[in-house]
Amino acid sequence: MGKTIRIGLLGFGTVGSGVARVLRENAHEIEKKVGAPVEIKSVLVRDTKKKRQYMEGLHATDSIDEIINDKEIDIVVELMGGMSPAHDYMICALKAGKHVVTANKDVLAESARDIFDTAKEHHVEFMFEASVGGGIPIITPLKECLTANRISEVVGIVNGTTNYMLTKMTECGASYDAVLKEAQEKGYAEANPSADVEGLDAARKAAILASLAFNTRVSLENVAVEGITHITPEDIDYATQLGYVIKLLAIARDTPENGVDVRVHPAFLPKEHPLASVNGVYNAIYVKGNAIGEAMFYGQGAGSLPTASAVIADIVSVSRDIERGIFRGIGCTCFETKKFCPVAKTESDYYIRLLVADEPGVLGKIATTFGDQGVSLKSVIQTRVVDDNAEIVVITHHVKHERIDKAERALTDLPVVTKISNVIRVERTVV
Ligand code: NAP
Ligand code: HSE
């Protein structure tokens, strides 16, 4: 057996404690797989006095310098989250010649270039499998296993919290607030859950996936984002009645005509669609490549042990290289600069729910207004009366987003329209 590989763990929350637990419980197998023991030497936390499960026998410190200056530490594993100080700590670790493993999508999606550059300059690895899809292997497949392909589409459910919430709201009619609380208690949600429900967490993951899939740098600012905060029980009921489920999707497409289109938004999915049956905290990511065709990756997208599984996969990969004295240094794979497709030019079917005056001739006026903006209607239903208004649900044919925007403005100006309650895209095909 080789010499012990030592880890400096930054953070001991949901994921950090899971990493400590799995490294301890599976120590024997991991040692055999690496060819050397892998141990946590020090753990950085804010409060070193706090009692923590799975911390027994580990040294806690609140000094990052203690870890950076410790010559025995080979790998720094960053599991604090957020931009600052995580970004700077990772840069310091790389400059000190330590390999870095992280689950931090904030840093990856917003400020990764200097990290890749620093890792390359100092001949150390920078790995981030757990940053997307929790326990699902998706970063390594995109960076290594699918390199033969020109990838044209990546479509996925990549946020466990919102998928858990939408599933519970659909299956049990649970309230938004109750299911958000449950997701937080289970350790799925971010420290600030608005990142989950407003779509930012999924948008960061979409940026990371698109960068790897299309070999061009995609940052959070390049992703059009819409969360689930405006999804109501009424929308969920209509989706069910019409044969759909509502999912928060991350969609990344690269087409020669339009360029790179990356967006996160809720969407109606037909019940028979493969992503429609991805429920609870499970995530799934479809990839379409010109050699492999379609591939799907599925598993638990959040939680202590599933995420620890992905973090430890990176630790094992780096440890094997240390043990064998090799440095693969795949590094950054964004070697192209592609143009982005504006949201206005993206196309979809749409669900539109509106309250209108309950009087003769109204449907005709609505249909004419849609028609004037070049929006063709697939179906119109009217099932309820709300405060003396008729509630109408319209499903459109495939149309550019800019036409829907114009139709919304024109409808708002119609005296018979009381309110446009919601507009949600309807995804027909994944790949
Ligand atoms: P968490 O439960 O909030 O834990 C964060 C840990 O970092 C805590 O132990 C905290 O110390 C420590 N910490 C934070 N700021 C620090 C600072 N300035 N100095 C020292 N220690 C600091 O977070 P988590 O859920 O484990 O998430 C960790 C990372 O994994 C994030 O990047 C997250 O996005 C990512 N991730 C999470 C999941 C998931 O299911 N939770 C899944 C995939 C990826 P104290 O305990 O002393 O406060
Ligand atoms: N808050 C994230 C989610 C954790 O719910 O998917 C995993 O990144």
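A brief structural summary.

Parameters and conventions
- Residues numbered from 1 in each chain as written.
- Chains lettered and ligands numbered in written order.
- Predicted model: local features only at pLDDT ≥ 70, side-chain atom pairs only at ≥ 80, totals over all residues.
- Heavy atoms only, no water.
- Phe/Tyr/Trp six-rings, centres within 6.5 Å; stacked < 30°, edge-to-face > 60°.
- Helix = DSSP H or I, 4+ residues; strand = E, 2+ residues; numbered from the N terminus.
- Buried < 20%, exposed > 50% of the residue type's maximum accessible area, 1.4 Å probe, protein only.
- Near = heavy atom within 4 Å.
- Polar contact = N/O pair within 3.5 Å; in protein donor to acceptor, adjacent residues only side chain to side chain.
- Areas by Shrake-Rupley, 256 points an atom, 1.4 Å probe, with all protein chains shown as cover.
- Nonpolar A, V, L, I, M, F, W, Y, C, P; charged D, E, K, R; others polar.
- Salt bridge = Lys/Arg side-chain N within 4 Å of Asp/Glu carboxyl O.

1. Comments concerning the packing of aromatic side chains
For the structure shown, the criterion picks out 7 aromatic pairs. Here Tyr164 and Tyr188 contribute two aromatic rings whose centre-to-centre distance is 5.5 Å and whose plane-to-plane angle is 65°, an arrangement assigned as edge-to-face. A residue pair is termed long-range when its members are at least 10 positions apart, and Tyr164 in helix α8 (residues 160–172) and Tyr188 in the loop between α9 (176–185) and α10 (194–197) qualify at 24 residues. The pair Tyr164 / Tyr188 is uniform in exposure class, with both members buried. On the numbers, 5.5 Å between centres and 55° between planes, the contact of Tyr244 with Phe268 is tilted.

2. Looking at the site of ligand 2
Near ligand 2, the surroundings consist of Lys105, Asn159, Gly160, Thr161, Tyr188, Ala189, Glu190, Asp196, Asp201, Lys205, Gly301 and Ala302. Measuring from an oxygen atom of ligand 2, one finds a backbone N or O atom of Gly160 at 2.7 Å. Protein burial of ligand 2: of its 250 Å² of free accessible surface, 93% is covered by the chains. Mapped onto the shell around ligand 2, the elements with two or more residues apiece are α8 and α11 (200–214). Its residues placed into classes, the shell around ligand 2 shows 3 nonpolar, 4 polar and 5 charged.

3. Thoughts on the pattern of salt bridges
Scanning the model with the defined rule gives 25 salt bridges in all. The salt bridge involving Arg21 is made with Glu25; its shortest N-O contact spans 3.1 Å. Here Glu25 and Arg21 lie together in helix α1 (residues 14–25), a separation of 4 residues that amounts to about one turn. We note a salt bridge from Glu391 to Arg353, for which the minimum N-O separation is 2.9 Å. With Glu391 in strand β15 (residues 389–396) and Arg353 in strand β13 (residues 347–357), this residue pair connects regions lying 38 residues apart in the sequence. The class for Arg353 is buried, based on a relative accessible area of 6%. Taken together, the shared-partner salt bridges connect Arg6, Lys41, Asp70 and Glu72 into one network.

4. Examining the site of ligand 1
Inspection of the region around ligand 1 gives 24 residues, with Phe12, Val15, Arg52, Lys105 and Gly303 positioned closest. In the model, an oxygen atom of ligand 1 is placed 2.7 Å from a nitrogen or oxygen of the Gly303 main chain. Looking at the shell around ligand 1 residue by residue, the class counts come to 10 nonpolar, 8 polar and 6 charged.

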